[in-house]
Amino acid sequence: MTEADQSDSVSSWQIFKIFLRLGLTSFGGPAAHLGFFHDEFVTRRKWLSAEAFGEVVALCQLLPGPASSQVGLTIGLLRGRYQGAFAAWLGFTLPSALLMTLFAFGLTLWPEVGSGGWIHGLKLFVVAVVAQAVWQMGRVLCPDRSRLVIALLVACVLLLVGAAWMQILTLALAALAGAHLSLSSRKAAETMNVALHVRKPWWFAVGFAGLLVLSLLPQQAGSLTWVGAELYRAGALVFGGGHVVLPWLQEGFVESGQMAADTFLAGYGAAQAVPGPLFTFSAFLGAVEAGVSGAMIAVLAVFLPGTLLVFAGLPLWRWIRKHEKARSALAGVNAGVVGLLLAALYDPVWTSAVHGAMDLAIVLGLWLALAVLRWPVWGLAPVSAILGAVIF
């Protein structure tokens, strides 16, 4: 955001309201969230160009932590500085965090909430949402044969080897391919300039590393500090989003004997059915362990490392993107991000939801309503849940 654009800055309250609506309606996990963000901030509000949005996504994919939340936080930072970043994070995170906390308290009253046809209906809706995201971003970020090839090769590799480290490697290789091929990339109209003190990015990096060291120290199991340490370590070391964090948290909470496996899996199943970031599963874990205080500490801890890394990495990213070779590399990375989303569309989104002709027919109908008829997401989500409950 340049000085000339200061008049276009958005109040923190407006940013909060926009992201609160997204937090109430964004079903489907990280890949679907990126589609919602693209539609809201690129297509409708034009806060970012498609190229700049792709660069924000690429930066957040290269950092550990919840990528979709980091993208939202970065958009808030670019439009409203640090207050805007906090407003974006709070609005997007609050609904699902509250729902997961309430579910933790009510689990004994409704033990079967993690199963049922309504969850299957929502999963089918997620397939349609992610497919639309891949379609929209692919049209913009893969306009020529070279970038289409990069995207498809990245998808092929990730479908064969879906480890988190492979995601980082394929995006790095996509960057090298983009630089080698000198992919054409317009100089971004936006400078991604925010009012940052020169030393502040280093302080964020130091804070991230210092808290990570503290999280490795032994803590009394079940205490608030133990909950915070477990969740901060997971948020700091996990690449690939909410699904990847599951084995880390299972090791910390279930394998240690702190939580029953059935309780853990019931909470994770509920997290799949609520809107907003999947990392708010942490609110459920914290609430089960230590009530409301535990839920608050857990949510703050799991999102804090990714936030610190965004604040530390954005100034460096802003510098890199000004150079011609760097822009060609970014064009390759943007194509790689499309491939990453395409791989996610199949696994875990498609494989966990579509199991037969009936499922495929429902997905096609939902995609028709979403992409062609342009029905609102907030209306389609409950319709898909009700449809799933009736049919399945």
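Anyway, here's the lowdown on the structure attached to this text. (Residues numbered from 1 in each chain as written. Predicted model: local features only at pLDDT ≥ 70, side-chain atom pairs only at ≥ 80, totals over all residues. Heavy atoms only, no water.)

### What to know about the packing of aromatic side chains
Each aromatic ring pair is summarised here by two numbers: the centre-to-centre distance and the angle between the ring planes.
In step 1: Inspection of the entire model under this criterion finds 17 aromatic pairs.
In step 2: Their ring planes at 55° and their centres at 6.1 Å tell us that Phe 37 and Phe 41 sit as a pair that is tilted. Here Phe 37 pairs with Phe 41, and both are found in helix α2 (residues 29-44), just four residues apart, close to one helical turn. Each member of the pair, Phe 37 together with Phe 41, is buried.
In step 3: With 5.8 Å between their ring centres and 70° between their planes, Trp 89 and Phe 303 make a pair best called edge-to-face. Placement of the pair is Trp 89 in helix α4 (residues 67-106) and Phe 303 in helix α12 (residues 281-320), with a sequence separation of 214 residues.
In step 4: Accessibility expressed as a relative area gives 13% for Trp 89, which makes it buried.
In step 5: For Phe 303, a relative accessible area of 3% translates into the label buried.
In step 6: Here the aromatic cluster, defined as three or more aromatic residues joined through ring pairs, consists of Phe 19, Phe 37, Phe 41, Trp 47 and Phe 92. (Phe/Tyr/Trp six-rings, centres within 6.5 Å; stacked < 30°, edge-to-face > 60°. Helix = DSSP H or I, 4+ residues; strand = E, 2+ residues; numbered from the N terminus. Buried < 20%, exposed > 50% of the residue type's maximum accessible area, 1.4 Å probe, protein only.)

### A word on the packing of helix α5 (residues 117-141) against helix α14 (residues 357-372)
In step 1: Viewed as axis vectors pointing N to C, α5 and α14 meet at an angle of 50°, and their least axial separation amounts to 8 Å. Considered as vectors, α5 and α14 are oriented oblique to each other. Crossing hand, α5 versus α14: right-handed. In this structure, α5 uses His 120, Leu 124, Phe 125, Val 127, Ala 128, Val 129, Ala 131 and Gln 132 to contact α14, whose residues at the interface are Asp 359, Ile 362, Val 363, Leu 366, Trp 367, Leu 370 and Ala 371.
In step 2: Classifying every residue of the contact of α5 with α14 gives 12 nonpolar, two polar and one charged. (Axes fitted to C-alpha atoms, helices over the stretch in contact; angles between N-to-C directions. Parallel < 35°, antiparallel > 145°, perpendicular 65-115°, else oblique. Left-handed = near helix turned anticlockwise from the far one by under 90°. Contact = heavy atoms within 4.5 Å. Nonpolar A, V, L, I, M, F, W, Y, C, P; charged D, E, K, R; others polar.)

### Some points on the nonpolar core
In step 1: Phe 19, Phe 53, Val 71, Met 100 and Phe 281 are the most contacted members of the largest nonpolar core, which has 126 residues in total.
In step 2: Each residue touching Phe 53, except ones within four places of it in the same chain, is listed here: Leu 34, Phe 37, His 38, Val 42, Leu 48, Val 71, Ile 75 and Met 137. (Core = buried A, V, L, I, M, F, W, Y, C linked by side-chain atoms within 4.5 Å.)

### Digging into the packing of helix α1 (residues 12-25) against α4
In step 1: It is at 7 Å that the axes of α1 and α4 come closest, and there the two elements cross at 40°. On the basis of the axis angle, α1 is oblique to α4. Relative to α4, α1 is oriented so that their crossing is right-handed.

### A few points about the pattern of salt bridges
In step 1: Tallied over the full model, the rule gives six salt bridges.
In step 2: Between Arg 44 and Glu 40 there is a salt bridge, with the nearest N and O atoms lying 2.8 Å from each other. Residue Arg 44 and its partner Glu 40 are located together in helix α2, separated by four residues, close to a single helical turn.
In step 3: The class for Glu 40 is buried, based on a relative accessible area of 3%. (Salt bridge = Lys/Arg side-chain N within 4 Å of Asp/Glu carboxyl O.)

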